Each structure stands twice: as structure tokens, then as C-alpha cells.
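Observations on the three-dimensional arrangement
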Amino acid sequence: YNWVRNNIEFVPTWGSIQGAQMTLETKQGNAFDTASLLIALLRASDVKSRYVMGTVELPIDKVMNWLGGFTEKQAAIEFMASGGVPVKAGIIDGEIALARFEHVWVEAFVDYIPSRGAKHQIADTWVSLDPSYKQYVYTEGIDIKEAVPFDAQTFVDQVQASATINEEEGYATGVNSLLVQQSMESYQAQVEAYIQQNYPDATVGDVLGKKEVVAQEFLYLLSTLPYQMAVAGTEFNVIPDTLRQKLFFRLHNEISNYHVAAILLKC
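The rules behind each value
- Residues numbered from 1 in each chain as written.
- Predicted model: local features only at pLDDT ≥ 70, side-chain atom pairs only at ≥ 80, totals over all residues.
- Heavy atoms only, no water.
- Helix = DSSP H or I, 4+ residues; strand = E, 2+ residues; numbered from the N terminus.
- Rg over C-alpha atoms; globule rule 2.2 N^0.38 Å.
- Buried < 20%, exposed > 50% of the residue type's maximum accessible area, 1.4 Å probe, protein only.
- Contact = heavy atoms within 4.5 Å.
- Areas by Shrake-Rupley, 256 points an atom, 1.4 Å probe, with all protein chains shown as cover.
- Salt bridge = Lys/Arg side-chain N within 4 Å of Asp/Glu carboxyl O.
- Axes fitted to C-alpha atoms, helices over the stretch in contact; angles between N-to-C directions.
- Parallel < 35°, antiparallel > 145°, perpendicular 65-115°, else oblique.
- Left-handed = near helix turned anticlockwise from the far one by under 90°.
- Nonpolar A, V, L, I, M, F, W, Y, C, P; charged D, E, K, R; others polar.
- Phe/Tyr/Trp six-rings, centres within 6.5 Å; stacked < 30°, edge-to-face > 60°.
- Lys NZ or Arg CZ within 6 Å of the ring centre and 35° of its normal.
- Expected span 1.5 Å × (residues − 1).
- Polar contact = N/O pair within 3.5 Å; in protein donor to acceptor, adjacent residues only side chain to side chain.
- Patch = residues over 30% accessible without salt bridge, like charges linked within 9 Å, V, L, I, M, F, W, Y side chains within 5 Å.
- Core = buried A, V, L, I, M, F, W, Y, C linked by side-chain atoms within 4.5 Å.

What to know about the overall build of the chain
- For the chain, the count of helices and strands is 9 helices and 13 strands.
- A compact globule built from 267 residues would reach a C-alpha radius of gyration of about 18 Å, whereas the chain, at 25 Å, exceeds it by more than 25%.
- Considering only C-alpha atoms, the chain reaches an extent of 75 × 65 × 45 Å along its principal axes.
- Among the 267 residues that make up the chain, the fraction classed as buried is 34%.
- Considering only contacts within the chain whose residues lie at least 6 apart along the sequence, 61% involve residues at least 24 apart.
- Only carbon and sulfur atoms are counted for the fraction: they give 54% of the accessible area of the chain, which is about 16,300 Å².

Rendered as C-alpha cells:
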């Protein structure tokens, strides 16, 4: 549980998309995918486990952090909804105070008394585990635009001087590709020189910015979920077909439009 929680990045989409194996390979996934990975690892360790789906409530500041470091409350809600997650904003005193959304987590049947899961011998309790919910620390990267200015107007003027541009029909011909390439290479060299001089040991994350999971290494399993339950969960051992993303391929004969085959891929 600790490993999955601390190493799999959350993606706010809905339904089983990747499954356990791809989630392990990509190190990211939505609530279904992350639950699938944890369940696969638990079952491989002879620990009974199952999916639980219900409605939960989370303070909006936690949601904003969880989804990617949002600074606007409504934008975070809209981003979550755009991924297909059923979500509504909770309004208190005229302000968005929380998000209420459908969510999926895991229940594991473990030896909870008296070790609280630290030592598994004889299972006695179903314990809720959510490996998808976590908070992040965001580090801003280097402001390259400010540190190494690029004279965009001069570049555009040079390109326009060597090209034929038809603004009415929306196309350009005769663009000097060598000029474009040389300008980009020159700017890239300036950026590299600046970073090497001022941040010689910088990583890609230091340059572009990064987010890191606030890791938690529990010595035992907690007895509650890290958010408020709004509607009790429904348990299932296998993700229902209605909650699996599907991709259809249909093959046709181009001449007669005769239907050749149909292929359905389920995630």
C-alpha cells in the first residue's frame, strides 16, 4: 500500500482504462487503475481484496493540490469533470468549500487485531485503503523567458521578409527554414549556457518545475479513509463492464462496404 500510494501519480479520469500492469509500467493512473494495481499486488500476496465505489467529500484546497496545483477553485472542479469524474462543487457561504465526487478505493481483508496490519497472520478485518489520494509538493522551474529573453518580434520580421504570406487564405510559402533552424539553435545554445553557468547541477525537474508526492510510510494500516464519506460504497471483486473504457475497431471492404470484422478492446 505504501509503495503504490507513494509512487503512482493520480490522473483524474473515470473508469478502468489502463489496468494493473500498465499502471505499474507508466507509474500513473486514475482511481480505478491505481486500485487495480494495489488489488493485484495484495492478491499476489494472498490477501483478499476488493473494489469499493462511493461518493466522498474533500476540502477544495486538498482537491486543488491533488489535481495539479490549481490556484482557482472552479478550474479544479471543471478539470475533474472534464476527465469524466462525476463531481459537484459544495458551496458554503457563497464560496466553493469542497468537492463531492464519485470515487473508487480498496478494501483488504487483513490481520488487523492487534497489529493493525503490521503483521499478517490470520485475517480478521476489512480495512479501507485509498492509494490514489495524496498531496504533492510543487517546485517551480527556472523562468527561462525572463532569464534568457527571446526577441520574438525580430524573428517574426525576418521570417516575413523572406516569405510570401497570404493572410486572406491563411497560408505562407517560401519560409526560410534555415533561418528558423539557426534561430532556434542559437536560442537553445543561449539557454543551455545560462543553465550551465547558473545552475550547473540542475535536473530536468529543476529547470521545468516538478511535483513530488508527500510520501507517507505507515508502519500500520489506518482505520479510516482520508476524507468524508457522503454515500456508502458498493463493493465488487471485479470491475463491472459498465465501468470499463472500451475501444471499437470496425473493418470494411472499401469497394462493397461489406462488414469484415469488429474488434472490441476492453480495459
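The discussion continues.
A short note on the pattern of salt bridges
- On inspection of all chains with the given rule, the structure shows 6 salt bridges.
- In this structure, E57 and R100 form a salt bridge, with 2.3 Å as the shortest nitrogen-oxygen distance. In this pair, E57 is assigned in strand β3 (residues 49-59) and R100 in strand β5 (residues 95-110), connecting sequence segments 43 residues apart.
- Exposure remark for E57: the relative accessible area of 17% places this residue in the buried category.
- The partner of K210 in a salt bridge is D206, with the nearest N and O atoms 3.6 Å apart.
- We classify K210 as partly exposed; its relative accessible area is 30%.
- One network of salt bridges, in which partners are shared, links R50, E107 and E235.

Let's talk about the packing of helix α4 (residues 60-68) against helix α5 (residues 73-82)
- Their axes nearest at 9 Å, the elements α4 and α5 cross at an angle of 60 degrees. The pairing of α4 with α5 is recorded here as oblique in orientation. Crossing hand, α4 versus α5: left-handed. Residues I60, M64, W66 and L67 of α4 form the contact with α5, whose participating residues are K73, A76, I77, F79 and M80.
- A breakdown of the residues in the contact of α4 with α5 according to their chemical character gives 8 nonpolar, no polar and 1 charged.

Looking at the packing of aromatic side chains
- For the structure shown, the criterion picks out 14 aromatic pairs.
- Judged by centre distance (5.6 Å) and plane angle (15 degrees), the ring pair of Y51 and F236 falls under stacked. Of this pair, Y51 sits in strand β3 while F236 sits in strand β11 (residues 228-236), and the two are 185 residues apart along the sequence.
- The buried category is assigned to Y51, whose relative accessible area is 7%.
- Ring geometry for Y136 versus Y138: centroids 6.1 Å apart, planes at 50 degrees, classification tilted.
- Three or more aromatic residues link up through ring pairs in this structure, and these residues are F10, W66, F101, W105, Y133 and Y227.
- It is R50 that lies over the ring of W126; its NZ or CZ is 3.6 Å from the centre.
- Over the aromatic face of Y136 sits the side chain of K211, whose NZ or CZ is 4.3 Å from the ring centroid.

Considerations on helix α3 (residues 31-44)
- Taking 1.5 Å as the rise per residue, α3 with 14 residues should run 20 Å; its terminal C-alpha atoms sit 20 Å apart, in good agreement.
- The buried count for α3 comes to 10 of 14 residues, which makes it a mostly enclosed element.
- Listed in full, the buried residues belonging to α3 are A31, F32, D33, T34, A35, S36, L37, L38, I39 and L42.
- You can read the cap of α3 off the contacts: a side-chain oxygen lies 3.0 Å from the backbone nitrogen of F32, and it is on N30.
- Of the residues trailing α3, D46 is marked for its positive phi of about 60 degrees.

What to know about the side chain of N6
- When you line up the elements, N6 lands in helix α1 (residues 2-7).
- Separated by 2.8 Å, the side chains of N6 and R5 make a polar contact.
- Dropping the residues within four chain positions of it, N6 is found in contact with V213, A215, Q216 and E217.

Some points on a nonpolar patch on the surface
- A surface patch of nonpolar side chains, amounting to about 250 Å² of accessible area, comprises W3, L24 and L41.
- Mapping W3 onto the fold places it in helix α1.

Here's the deal with the nonpolar core
- Counting residues in each nonpolar core, the largest one holds 47 residues, and the members touching the most others are W66 and F101.
- For this core, the secondary-structure elements that each account for two or more residues are α3, β3, α4, α5, β5 and β6 (125-129).
- Among the elements that take part in this core, β5 stands out by supplying 8 residues, more than any other.
- Here F101 is in contact with G54, T55, V56, L58, W66, M80, V85, P86 and V87, once residues within four sequence places are set aside.
- Judged by nonpolar contacts, the second largest core, of 7 residues, contains I144, V148, Y187 and I195.

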